[in-house]
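# A closer look at the structure
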Amino acid sequence: MKNKSEKKKLDGNSFLLAVTIILFFVMYIVGIIMFGGRGFAKVQNFLNLFISNAGLIVVATGMTIVMITGGIDISVGSVVAMVCMMLAWMMERGNIGAFPAILIVLVTGCIFGLVQGFLVAYLKIQPFIVTLATMLMGRGLTYTLLKAQTKGPLPTSYTYIGAGFLPTMKIPFGNGTLDVVSIIVAGIATVLVIMAELKSINTKKKYGFSTNPLWQVIIKEAVILMIVWFFFYKLSRYNGIPFVLVIMGVLVGLYHFITSKTVAGRQIYALGGNAKAAKLSGINTEKVFFWVYTNMGILSAIAGIVLSARNASATPKAGDGFEMDAIASCYIGGAATSGGIGTIIGAVVGAFIMGILNNGMSLYGWSTDIQKIVKGAVLLGAVTVDLLSKRKKG
């Protein structure tokens, strides 16, 4: 039974990876055909795909943990907007430096999360009600203080977070230059991917789980490494590695480790799977709920920092729709509506799928109204597939 369950989990992850790769390259080819290399095929657009979705990926990372517990947080977009507003106000009007301003908004995001966590964990108020209230208050406060105006531009030293690049080491190559730093990072990523796969295979053999045939493993790794090298080669031919990519990589790696390798991560899954059983087994469920929502507030603040740095300004509509895109990313990435199921990597894949959809629809000139219809259909489809698959298993 365990072998079958493990195989289904692997098949699900492989399916998500395949979907992302197919969407990515289909849009790449279509972009070349339709725009003659002027649209999606340009390296700037690849960069835009990652940089513009950095905030969404950060929020989706936290949202995954919340949804694994069986909860939800629809306030994230408003917290992001409020953080953007505070940063712009402090740096533009208060003459506060970038570093102190960042610390202040991180503390503010933490406070929002603490309040929500306390209300959900200890006063037993439904997460939807709590986060709906904070969503309305956060957005209203942002509109009130910004007075429906855009504030900016923000200092260059701050916008480096969202638009800057790591230092480069350029060497002549072909008709241009090649960044050695990007190539070194690609090499390190290659070693890590191979080591992770070998460790996964050894762990499965150790506990008697079935492993995929060698040819399937080779093909999967070859495809992954091809994507890695293609991406970093594109970066090396441009301005190198964006700083925001480092932030994304660190956060995704950290939370993937927490959810898959630590006691805290196992407690999250136990709580989402069966809260009563988790409590009877000795897990402090209130404490888990409390830190999960506190963590969501901090990650929302980080997303606000990334977004405002990228835009170099703050607008009342900043973060608008973040909560819906994050929730959709989690469902597309394999999270269950009832909790107890979901992965950080799956949410990241889901966020990229949403990003590819947004990017492609914008390039093709679709209006925001049509884009919302498409994203709504994608979300509904993901939830429907999840429910139907559960009924079939039952």
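Provided above is the structure to which this section pertains.
Throughout what follows, the structure given in this document is the object of discussion. A quick note: this is a predicted structure, and the numbers were derived from the prediction, not measured.

How each quantity is defined
Residues numbered from 1 in each chain as written. Predicted model: local features only at pLDDT ≥ 70, side-chain atom pairs only at ≥ 80, totals over all residues. Heavy atoms only, no water. Salt bridge = Lys/Arg side-chain N within 4 Å of Asp/Glu carboxyl O. Buried < 20%, exposed > 50% of the residue type's maximum accessible area, 1.4 Å probe, protein only. Phe/Tyr/Trp six-rings, centres within 6.5 Å; stacked < 30°, edge-to-face > 60°. Helix = DSSP H or I, 4+ residues; strand = E, 2+ residues; numbered from the N terminus. Pairing = 2+ DSSP bridges.

To continue, consider the pattern of salt bridges. As enumerated under the stated definition, the model contains five salt bridges in all. Between K279 and E286 there is a salt bridge whose closest N-O contact spans 3.1 Å. A relative accessible area of 45% means that K279 is categorised as partly exposed. Counted as one network, the salt bridges with shared partners bring together K124, K279 and E286.

In the structure shown here, the tally under the stated rule is five aromatic pairs. On the basis of an interplanar angle of 40° and a centroid distance of 5.4 Å, the ring pair of Y160 and F243 is categorised as tilted. Here F243 lies in helix α10 (residues 243-261) and Y160 lies in helix α7 (residues 156-163), a separation of 83 residues in the sequence. For Y160, a relative accessible area of 35% gives the class partly exposed. Note on F231 and F232: the rings are 5.4 Å apart at their centroids and 70° apart in plane angle, and the pair reads as edge-to-face. On the basis of relative accessible area, F232 is assigned to the buried category, the value being 11%. Connected via pairs of aromatic rings, a cluster forms that spans F118, Y122 and F290.

So, about the pairing of strand β1 (residues 170-173). Note: β1 against strand β2 (residues 176-179), four bridges, orientation antiparallel. Each bridged residue has a counterpart across the sheet, and for K170 the counterpart in β2 is D179. Where β1 folds back onto β2 in an antiparallel hairpin, the turn is made up of two residues, including G174, whose phi is positive at roughly 60°.

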